[in-house]
Amino acid sequence: MHSTLKLNALLFAAIVGVTEPAVAARPASIQFDLSPVAAAQPVVPDEDAFVPPGHRWVRVRLDISSMINTAEQAKPHEFVYRIQCSSLDSRVVDYSPRTQLAASTVGGIRVEQSDEKSKSLGLALKGSYMNLVDGSSGADVGSKVCNKTTFEKAAPQEIMYASGTIARGQGVYFKLRATPAQVLDGQKPFTVTLQVPDKWRGDLLSVHLSATESQRSFGALDRDTVQSSPARFQVAVFDQSDDIARRWAWQLAEAEQRLRESSQQYASSIRERSLPTIFHHVAAALDVIEPRISEDWMQRALYGSIDPYFDKQIRQLPVAVKVAVLDYVDAKTNFQGLVRSQSLSQEARSGLAVK
């Protein structure tokens, strides 16, 4: 029995595990997108706002796009966006859109109430005299009162937007609900106002986007709410008056784009290096070993704190992809070092200017 299981696994790996898939993977049901860089503009605080000495306000605008590829009955009913600063010196002081309610009907709702009351009194007399005369008489008295009240009340409202701070003021979240007055498809603007030090030069924002869909499992009568199509991005934010920070932000964005293109170009080679031999495929199918290159290597390279020179999985990548990872890590380290420093030396400024 055990030998038969091994033989079947071996045959399966020989047929499937070492061949390319015939059909390309289906795209995600929802695709999110936003610019990898954003300029921060100065903001004049309100008169009653308290700004600590040595600090100022800047505003960042993020245009987030969503494209829904699902059928009408499977469309999501809610998006959740989370935006968080990486610098502890940045704090969220304002954001837009704020929590907003909307009614599904125009105007108020007309309500009519009727109250009807009626009263009646009846009297009947009957008598006879010596079995010779027999008679009866009766009388009725009644009254009826009708009251009718008409008024209007506000139509019930539902949430279009919900928003607030997270991570002790280091970030902000936005919830978008699908309503008759709001469509989730398309691009929508979001603004975040930050309180930063006077010598602030930029920050690296972490953006998490996800959707909530209503799905019905096989054989179930009720629908379940599940989270789908999660996406993660990072946005290099720079002071709009700082030309050097702008260039380094774009260098980081270009390095990330080259890394993504390189990983797609060498996707088949990465799969082969992940499980290079038929015996590796069989062992992985039997959960005996793990792949040499995990599926989350790209997430670790983009958002983790890996050392590409010593990371075992990164060293297993094709040379072109490994070079792209090194370039990206260097660009990210340079930008983070820039925004954490209050000023650049003259040598660093002149060195960047000639690039």
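Look up: the structure comes first, before these words.
Residues numbered from 1 in each chain as written. Predicted model: local features only at pLDDT ≥ 70, side-chain atom pairs only at ≥ 80, totals over all residues. Heavy atoms only, no water.

**Here's the deal with the overall build of the protein**
Heads up, the condition is: Numbering of helices and strands runs from the N terminus; a helix is a DSSP stretch of H or I covering at least four residues, while a strand is a stretch of E covering at least two. Each residue is placed in one exposure class: buried if its accessible area under a 1.4 Å probe, protein chains only, is under 20% of its type's maximum, exposed if it is over 50%, and partly exposed if it falls in between. By definition, residues are in contact when any of their heavy atoms lie within 4.5 Å.
When you go through the protein residue by residue, the secondary structure sums to eight helices and 13 strands. Within the protein, the proportion of its 355 residues that are buried is 34%. Partitioning the intrachain contacts of the protein with sequence separation of at least 6 by distance along the chain shows that 73% fall at a separation of at least 24.

**Re unusual backbone geometry**
Keep in mind that most residues, glycine aside, have a negative phi and that most peptide bonds are trans. In this model, Ser96 is joined to Pro97 through a cis peptide bond whose omega is 5°. With respect to the helices and strands, Pro97 occurs in the loop between strand 5 (91-96) and strand 6 (100-103). The backbone of Ala167 shows a phi angle near 55°, a positive value even though the residue is not glycine. By the secondary structure assignment, Ala167 is in the loop between strand 9 (157-166) and strand 10 (171-177). Take Ala167: its relative accessible area is 36%, and that puts it in the partly exposed class. Even without glycine at this site, Arg168 takes up a positive phi of about 60°. Here Arg168 lies in the loop between strand 9 and strand 10.

**Observations concerning the packing of aromatic side chains**
Our working rule: The rule is short: rings of Phe, Tyr and Trp, with Trp giving its six-membered ring, pair when the centres are within 6.5 Å, and they are stacked under 30 degrees, edge-to-face over 60, tilted in between. By definition, being over a ring means that NZ of Lys or CZ of Arg is both within 6 Å of the ring centre and within 35 degrees of the ring normal.
Tallied over the full model, the rule gives six aromatic pairs. Grouping aromatic residues by their ring pairs yields a cluster made of Phe32, Phe79, Tyr81, Tyr95, Phe174 and Phe190. The aromatic ring of Tyr95 is capped on one face by Arg98, whose charged end is 4.0 Å from the ring centroid.

**Points about the packing of helix 2 (residues 243-265) against helix 7 (residues 319-340)**
When two helices pack together, their arrangement is captured by the angle between the axes and the distance separating the axes. Which entries qualify depends on this criterion: Between the N-to-C directions of two axes lies an angle of 0 to 180 degrees, each axis being a line fitted to C-alpha atoms and, for a helix, fitted only over the stretch in contact. By the definition adopted for this analysis, an angle is roughly parallel if under 35 degrees, roughly antiparallel if over 145, roughly perpendicular if from 65 to 115, and oblique otherwise. Two helices crossing with the near one rotated counterclockwise from the far one by less than a right angle form a left-handed crossing, whereas a clockwise rotation gives a right-handed crossing. Only Asp, Glu, Lys and Arg are considered charged, only Ala, Val, Leu, Ile, Met, Phe, Trp, Tyr, Cys and Pro nonpolar, and every remaining residue, Gly among them, polar.
Relative to each other, helix 2 and helix 7 sit at 160°, their axes nearing to 9 Å. Relative to helix 7, helix 2 is oriented roughly antiparallel. Helix-helix and strand crossings are classified by hand; for helix 2 and helix 7 the assignment is left-handed. Facing helix 2, whose interface residues are Ile244, Ala245, Trp248, Ala249, Gln251, Leu252, Ala255, Glu256, Arg258, Leu259 and Ser262, helix 7 presents Ala320, Val321, Ala324, Val325, Asp327, Tyr328, Ala331, Lys332, Asn334, Phe335 and Leu338. When its residues are assigned to classes, the contact of helix 2 with helix 7 shows 15 nonpolar, three polar and four charged.

**Section: the nonpolar core**
So the rule is basically this: Note on terminology: a nonpolar core comprises buried Ala, Val, Leu, Ile, Met, Phe, Trp, Tyr and Cys residues joined through side-chain atoms within 4.5 Å.
Judged by nonpolar contacts, the single largest core of 35 residues is most densely connected at Leu62, Phe79 and Tyr81. The dominant element in this core, judged by the number of residues it contributes, is strand 3 (residues 55-68), at five residues. Those residues in contact with Tyr81 that lie beyond four places of it in its chain are Phe32, Ile64, Ser66, Val172, Tyr173, Phe174, Leu176, Phe190, His208 and Leu209. Core analysis: the next-biggest nonpolar cluster, separate from the first, contains 31 residues, Leu259, Leu302, Tyr328 and Phe335 among them.

**Concerning empty space enclosed by the protein**
The test is simple: Put simply, the grid is 1 Å and covers the protein atoms alone, a cavity is a trapped set of points that fit a 1.4 Å probe, a pocket is an open set with protein on both sides within 12 Å along at least five of seven lines, and lining residues have an atom within 4 Å of a point. Grid points are joined across faces, edges and corners, and a volume is the space filled by probe spheres set on the points.
The final tally for this structure, using the stated rule, is four cavities of 30 Å³ or more. The computed volume of the largest cavity comes to approximately 60 Å³. Lining the largest cavity are Ser86, Ser87, Asp203, Gln336, Val339 and Arg340. Looking at which element gives the most residues to the lining of the largest cavity, the answer is helix 7, with three residues. Here the lining of the largest cavity is composed, by residue class, of one nonpolar, three polar and two charged. Reported here for the second largest cavity is a volume of approximately 50 Å³. Forming the boundary of the second largest cavity are Val60, Ile83, Gln84, Cys85, Val92, Gln170, Gly171, Val172, Val192, Leu194 and Leu205. Counting only elements with at least two residues in the lining of the second largest cavity, the list comes to strand 4 (78-84), strand 10 and strand 11 (186-197). Taken together, the residues that form the lining of the second largest cavity break down as eight nonpolar, three polar and no charged.

**Notes on the environment of Ala255**
Within the secondary structure, Ala255 is located in helix 2. A relative accessible area of 2% places Ala255 in the buried class. Separated by 75 residues in the primary sequence, Ala255 and Asp330 place their C-alpha atoms 9.1 Å from one another. Apart from the residues lying within four places of it in its own chain, the contact partners of Ala255 are Asp327, Tyr328 and Ala331.

**So, the pattern of salt bridges**
We apply this condition: Each salt bridge in this description consists of a side-chain nitrogen of Lys or Arg and a carboxyl oxygen of Asp or Glu lying within 4 Å of one another.
One pass over the full model with this rule turns up seven salt bridges. Linking Glu78 and Arg177 is a salt bridge whose minimum nitrogen-to-oxygen distance equals 2.3 Å. Of this pair, Glu78 sits in strand 4 while Arg177 sits in strand 10, placing them 99 residues apart in sequence. For Glu78, a relative accessible area of 10% corresponds to the buried category. Here Arg177 falls in the partly exposed class, since its relative accessible area comes to 32%.

Geometric values such as these leave the question of function open.
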